[in-house]
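# Fold and contact review
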Amino acid sequence: MEKTTLHKDHVRLGAKMVEFAGYEMPIQYTSIKEEHEAVRKNVGVFDVSHMGEIYVYGKDATPFIDTIFTNNVAKLNQGDIAYGFMCYDDGGTVDDLLVYKYNDTFYLLVVNAANKDKDFEWISQHKKGQVDVADKSNEYGQIALQGPNAVGLLNGMCEKDLSLIKPFTFMECQMGERELLISRTGYTGEDGFEIYGEPDDIASLFNELVESGVTPCGLGARDTLRYEAALPLYGHELSPTITPVDAGMSFAIDFDKTHFIGKDALFRHKQNKKRRLVGLELLKKSVPRETYPVYKGDTQVGHITTGYISPTKGVPLAMALIDKPHDKRGSDLEVGIRNKRIPARVIKKKLLNYKPNQN
């Protein structure tokens, strides 16, 4: 397994380490619930140095990215970030990613750790015009500082006013001797920043934050936080067989663009939706897990993509991909758990805003 620049710090802090996307990563330090609550109520810091960073640059960088990416980078200003997807011709998802626009000829693409080699190869295979592509993943460390107190904390450490970084924008910032890139996208449902820099600089900043009282958080809490906020994880809510339309992510698809790979298939899919990602509340105490089947009567009508006893709500909630017409809010379904059928009800997908026992 590969190790991030923070590996020795995770071990020193007593983290429980697991394999994730080929890396040995912390799943938790104390408990998932404690770390989850720290982000919801105060501030936590995550190691996300396993993510991939790919440069796309050259005279034709903008039109090239707009042919492989569902969102529209030509419309972005310098310092803007777009969330979107790379798709196959049939609309299936290659990956979801963030595109950082430095200017019309230089972009940073931030991709999922498990897909970065596949993504780099896919981007390179489709390269057109005067464009170069470079995998810079090993040159970056990255941490995410998340929670309601993240902005005030980091603002006091940076030479620039970080309130100037609006959602889905970024800027370069000096923090002592460190030269950093700071963005504001989030993956937890809370405010905060992603901080990129040279690996040694990110390691020293991580330790400085932890020593100041910031809660170190593992991938376990990152997953429970993002699922409550209805944010997809590749391999769960997105995959080669689950399109962005299935996942309810059409807001990140610009169908007005002349062309991008998968556009025609996604448009047909949007016009004739057969399933949809929804929220589910289990009406009896039981833990929903990914892949568990969902039934209407004797017919399987979907499956759970992510599920937990929600740390914030205290009840069993899940995201599930459900066939129409059973995806309507308030629909009564059942979840197959071992040899039992557990009653469940379709609720709003953003679980963080859900009030238990209300549709």
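Residues numbered from 1 in each chain as written. Predicted model: local features only at pLDDT ≥ 70, side-chain atom pairs only at ≥ 80, totals over all residues. Heavy atoms only, no water.

### Observations regarding the overall build of the chain
- Helix and strand counts for the chain stand at 8 helices and 19 strands.
- Here the C-alpha atoms of the chain give a radius of gyration of 21 Å, agreeing with the 21 Å that 2.2 N^0.38 yields for 359 residues.
- In terms of overall dimensions, the chain has C-alpha extents of about 60 × 50 × 35 Å along its principal axes.
- In the chain, which comprises 359 residues, the share counted as buried stands at 57%.
- Considering only intrachain contacts with a sequence separation of at least 6, the fraction spanning at least 24 residues in the chain is 65%.
- Split by element, the accessible area of the chain, about 15600 Å² in all, is 47% carbon and sulfur. (Helix = DSSP H or I, 4+ residues; strand = E, 2+ residues; numbered from the N terminus. Rg over C-alpha atoms; globule rule 2.2 N^0.38 Å. Buried < 20%, exposed > 50% of the residue type's maximum accessible area, 1.4 Å probe, protein only. Contact = heavy atoms within 4.5 Å. Areas by Shrake-Rupley, 256 points an atom, 1.4 Å probe, with all protein chains shown as cover.)

### Notes on the sheet that holds strand β19 (residues 340–347)
- Pairing in this closed barrel of 6 strands is antiparallel, and the strands run β14-β17-β16-β15-β18-β19 around the ring. With direction set aside, neighbouring strand axes in the sheet form an average angle of 40 degrees.
- Pairing of strand β15 (residues 293–296) with strand β18 (residues 332–337), which is carried by 2 bridges, proceeds in the antiparallel orientation. Note on β18: the bridge partner recorded for Val-294 is Val-335.
- Seen against the sheet, helix α7 (residues 219–228) touches β16 (299–309) and β17 (316–323) and runs at an angle of roughly 125 degrees to β16. (Pairing = 2+ DSSP bridges. Axes fitted to C-alpha atoms, helices over the stretch in contact; angles between N-to-C directions.)

### Observations regarding the nonpolar core
- Judged by nonpolar contacts, the single largest core of 32 residues is most densely connected at Phe-46, Tyr-83, Phe-85, Tyr-100, Leu-108, Val-110 and Leu-266.
- Among the secondary structure elements, those contributing two or more residues to this core are β5 (81–87), β6 (93–103), β7 (106–111) and α7.
- By residue number, the principal contributor to this core is β5, which donates 4 residues.
- A domain split of this core shows at least three residues from each of domain 1 (7–49 + 140–228) and domain 2 (52–135).
- Setting aside its immediate chain neighbours within four residues, Val-110 contacts Met-51, Gly-52, Leu-97, Leu-98, Tyr-100, Gln-142 and Tyr-196.
- Leu-6, Tyr-29, Ala-203 and Leu-205 belong to the second largest nonpolar core, which has 28 residues in total. (Core = buried A, V, L, I, M, F, W, Y, C linked by side-chain atoms within 4.5 Å. Domains from an automatic or database assignment.)

### Concerning the domain arrangement of the chain
- Each assigned domain of the chain is listed here: domain 1 (7–49 + 140–228), domain 2 (52–135) and domain 3 (274–353).
- Residue-level contacts link 9 residues of domain 1 with 14 residues of domain 3.
- Taking both sides of the interface into account, the surface hidden between domain 1 and domain 3 amounts to around 970 Å²; carbon and sulfur atoms contribute 56%.
- The interface formed by domain 1 and domain 3 includes 0 salt bridges.
- Summed over the shared surface of domain 1 and domain 3, the result is 10 residue pairs in polar contact (both at pLDDT 80 or more).
- Elements that contribute at least two residues to the side of domain 1 that touches domain 3 include exactly α2 (32–41) and α7. (Buried area = accessible area lost by both parts, 1.4 Å probe. Salt bridge = Lys/Arg side-chain N within 4 Å of Asp/Glu carboxyl O. Polar contact = N/O pair within 3.5 Å; in protein donor to acceptor, adjacent residues only side chain to side chain.)

### Here's the deal with a negative patch on the surface
- There is a patch of like negative charges on the surface, built from Glu-2, Asp-117, Glu-121 and Asp-135.
- Locating Asp-135 in the fold gives a position in strand β8 (residues 132–135). (Patch = residues over 30% accessible without salt bridge, like charges linked within 9 Å, V, L, I, M, F, W, Y side chains within 5 Å. Lys, Arg positive; Asp, Glu negative; His and termini not counted. Charge placed at Lys NZ, Arg CZ, Asp CG, Glu CD.)

### A closer look at the state of the cysteines
- Within this structure, the stated rule accounts for 1 disulfide.
- Two residues share a disulfide in this structure: Cys-158 and Cys-173, whose sulfurs sit 1.7 Å from each other. Across the disulfide from Cys-158 to Cys-173, rotation about the S-S bond amounts to roughly 120 degrees, and the bridge is consequently right-handed. Taken as a pair, Cys-158 in the loop between α5 (150–155) and β10 (170–175) and Cys-173 in strand β10 lie far apart in primary sequence, 15 residues in all. Of the two residues, Cys-158 and Cys-173, both sit in the buried class. (Disulfide = S-S within 2.5 Å.)

### Some words on the sheet that holds β7
- Strand order in the open sheet formed by 5 strands is β5-β6-β7-β4-β8, and the pairing between neighbours is antiparallel. Looking at which strands have only one partner, the edges of the open sheet turn out to be β5 and β8. Each strand of the sheet is rotated relative to its neighbour by a mean of 30 degrees, with strand direction disregarded.
- With 7 bridges joining them, β5 and β6 adopt antiparallel strand pairing. Paired with Ala-82 across the bridge in β6 is Val-99.

### What to know about unusual backbone geometry
- The omega angle of the peptide bond from Lys-324 to Pro-325 is 5 degrees, so this bond is cis rather than trans.
- The residue Pro-325 is located in the loop between β17 and β18 in this model.
- In this structure, Phe-168 is a non-glycine residue whose phi angle is positive, near 60 degrees.
- You can see Phe-168 is positioned in the loop between α5 and β10.
- Its relative accessible area of 31% is what places Phe-168 among the partly exposed residues.
- Positive phi outside glycine occurs at Ala-230, with the angle close to 60 degrees.
- Note on placement: Ala-230 falls in the loop between α7 and α8 (263–271).

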